[in-house]
Amino acid sequence: MQQKPAKFVGLAWSSLILGIVGLVGSPVIIFNNITAIAAGVGLVLGIIALFGSKKVVAGIGVVLCVAAVAVTVVVQQNAVEELDRITDEFDASLEDTSTSIESAPSLPDSTSVDDVTQPETNERNYIPMQLEDKAWVGPPGDARGSSGTSFAIDSIEVDPGCHAYGMPPESGHTLLLHVRVATGSDQLAAMDAAGVVNPFSFVEIGADGVSHPADIGSCTDFEDELSSNFGVNQKYSGTIEIVVPEASGTLALDPGAMANGPSGWEWTY
């Protein structure tokens, strides 16, 4: 008896791969727009492939694509609601500031921002840090005050085991950073911290002194990821997964926007 030829095998596997990519990228704001499109394409391919010979693979691909799109919608909706809340709080804080600015005490004539003790930096203009040390984000002149936002990297795991649906890097090494963030009363400092403490700001400095921007990893469980939105007077903890060329060395957090001051922070791992 002649065996029937395989049909739509490539479409089934494409749907599965796009579903995995879409699900992994769905929690990441902005990036999930691209992965949602990939998941949508995968959903179409998977539906077509259901009429072929790889129905199980196609079915899994369809389920993953649907889940990726659903998670993306929920994440983006939450982000919009959080942005609306931040905007409302910021508007309210401006109104409060305008009513109290006349009664605010002024600094003595001999005091200036330059008089505030600044942390020492190394030859790369980074602040050397130890694990669990607190780093501070604004506001200027009150970098270590109660209104600012602090963060700390408590530990760094090198090449941790991947999640069941995780994807190990094709090259390089996975670093899983365990991070804590504590915000103060300054809303702008909390918003700035969200733009600083994220995978896009990390750089690895190799043994040869060459800097390599870190890539985003997709090996570990995304449910443990650090939040990408910070409100005032709150505490957060979670993980940041990045991929770097070397398994040990120097890791820098370089936001690229700290003018007239340190370029960022640096840890040895």
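Residues numbered from 1 in each chain as written. Predicted model: local features only at pLDDT ≥ 70, side-chain atom pairs only at ≥ 80, totals over all residues. Heavy atoms only, no water.

So what exactly am I meant to see when it comes to helix α1 (residues 9-25) here?
For an α-helix, 3.6 residues make a turn, and residues three or four places apart therefore share a direction. Counted at 1.5 Å a residue, the expected span for α1 with its 17 residues is 24 Å, and the 25 Å between its end C-alpha atoms agrees. All of the buried residues along α1 are Ala-12, Ser-15, Leu-16, Gly-19, Gly-22, Leu-23 and Gly-25. (Helix = DSSP H or I, 4+ residues; strand = E, 2+ residues; numbered from the N terminus. Expected span 1.5 Å × (residues − 1). Buried < 20%, exposed > 50% of the residue type's maximum accessible area, 1.4 Å probe, protein only.)

Just to check I follow, could you spell out the pairing of strand β3 (residues 149-158) for this structure?
Regular strands have side chains that alternate between both faces of the sheet. In the sheet, strand β2 (residues 135-137) pairs with β3 via three bridges, with the strands oriented antiparallel. When the sheet's bridge partners are listed, Ala-135 is paired in β3 with Phe-151. (Pairing = 2+ DSSP bridges.)

Would you mind going over the confidence of the model for the protein with me for this structure?
Low pLDDT means the predicted coordinates in that region are not meant to be read closely. Residue-level pLDDT values for the protein average 81, and 83% of them are 70 or greater. At the level of individual helices and strands, the protein shows its lowest average pLDDT in helix α3 (residues 55-100), which scores 79, and its highest in strand β4 (residues 173-182), which scores 96. (pLDDT = per-residue confidence, 0-100.)

I would appreciate a short explanation of the state of the cysteines in the present structure.
Here, disulfide denotes a covalent bond that connects the sulfur atoms of two cysteines. Counted by the stated rule, this structure contains one disulfide. In this model Cys-162 forms its disulfide with Cys-219; the gap between the sulfur atoms is 1.9 Å. Between Cys-162 and Cys-219 the disulfide shows an S-S torsion of about -115°. By sign, it is left-handed. Taken together, the residues Cys-162 in the loop between β3 and β4 and Cys-219 in the loop between β7 (215-216) and β8 (235-244) connect sequence positions 57 residues apart. Since its relative accessible area comes to 37%, Cys-162 is described here as partly exposed. Its relative accessible area of 1% is what places Cys-219 among the buried residues. (Disulfide = S-S within 2.5 Å.)

Can you help me understand the sheet that holds strand β1 (residues 126-128) in this one?
Within a beta sheet, neighbouring strands are joined by backbone hydrogen bonds and run either parallel or antiparallel to one another. Read across the sheet, five strands follow the order β1-β10-β9-β5-β6 without closing on themselves; strand pairing throughout is mixed. Edge positions in the sheet fall to β1 and β6 (211-213), since each has one partner strand and no second. Ignoring which end each strand starts from, the neighbouring axes of this sheet average 30° apart. Both strand β5 (residues 202-205) and strand β9 (residues 250-253) contribute to a ladder of four bridges, which runs antiparallel. Bridge pairing links Glu-204 to Leu-251 in β9. (Axes fitted to C-alpha atoms, helices over the stretch in contact; angles between N-to-C directions.)

I'm lost on helix α4 (residues 187-196) in this one. Help?
Taken together, the buried positions of α4 are Gln-187, Ala-189, Ala-190, Ala-193 and Val-196. Taking the backbone nitrogen of Leu-188 as reference, a side-chain oxygen 3.1 Å away marks Asp-186 as the first, capping residue of α4. (Polar contact = N/O pair within 3.5 Å; in protein donor to acceptor, adjacent residues only side chain to side chain.)

Would you mind showing me how to read the sheet that holds β8 here?
The strand order across the open sheet built from five strands is β2-β3-β4-β8-β7, with neighbouring strands paired in antiparallel fashion. Unpaired on one side and paired on the other, β2 and β7 mark the two borders of the sheet. Two elements, β4 and β8, share ten bridges in a ladder whose sense is antiparallel. Looking at the pairing, Arg-180 lines up with Ser-237 of β8.

Explanation requested: the side chain of Thr-220 in the structure shown.
Mapped onto the elements, Thr-220 comes out in the loop between β7 and β8. Separated by 2.6 Å, the side chains of Thr-220 and Glu-241 make a polar contact. Apart from residues no more than four positions distant in its own chain, Thr-220 is found in contact with Pro-160, Gly-161, His-163, Leu-176 and Glu-241. (Contact = heavy atoms within 4.5 Å.)

Is there a simple way to think about the pattern of salt bridges in this case?
Side chains that carry opposite charge are capable of pairing whenever their charged atoms lie near each other. Using the criterion set out here, one finds four salt bridges in the structure. The closest approach of N and O atoms between Glu-123 and Arg-124, which form a salt bridge, is 3.4 Å. Exposure remark for Arg-124: the relative accessible area of 33% places this residue in the partly exposed category. One salt bridge in this structure joins Arg-124 and Glu-266, with 2.8 Å as the shortest N-O distance. (Salt bridge = Lys/Arg side-chain N within 4 Å of Asp/Glu carboxyl O.)

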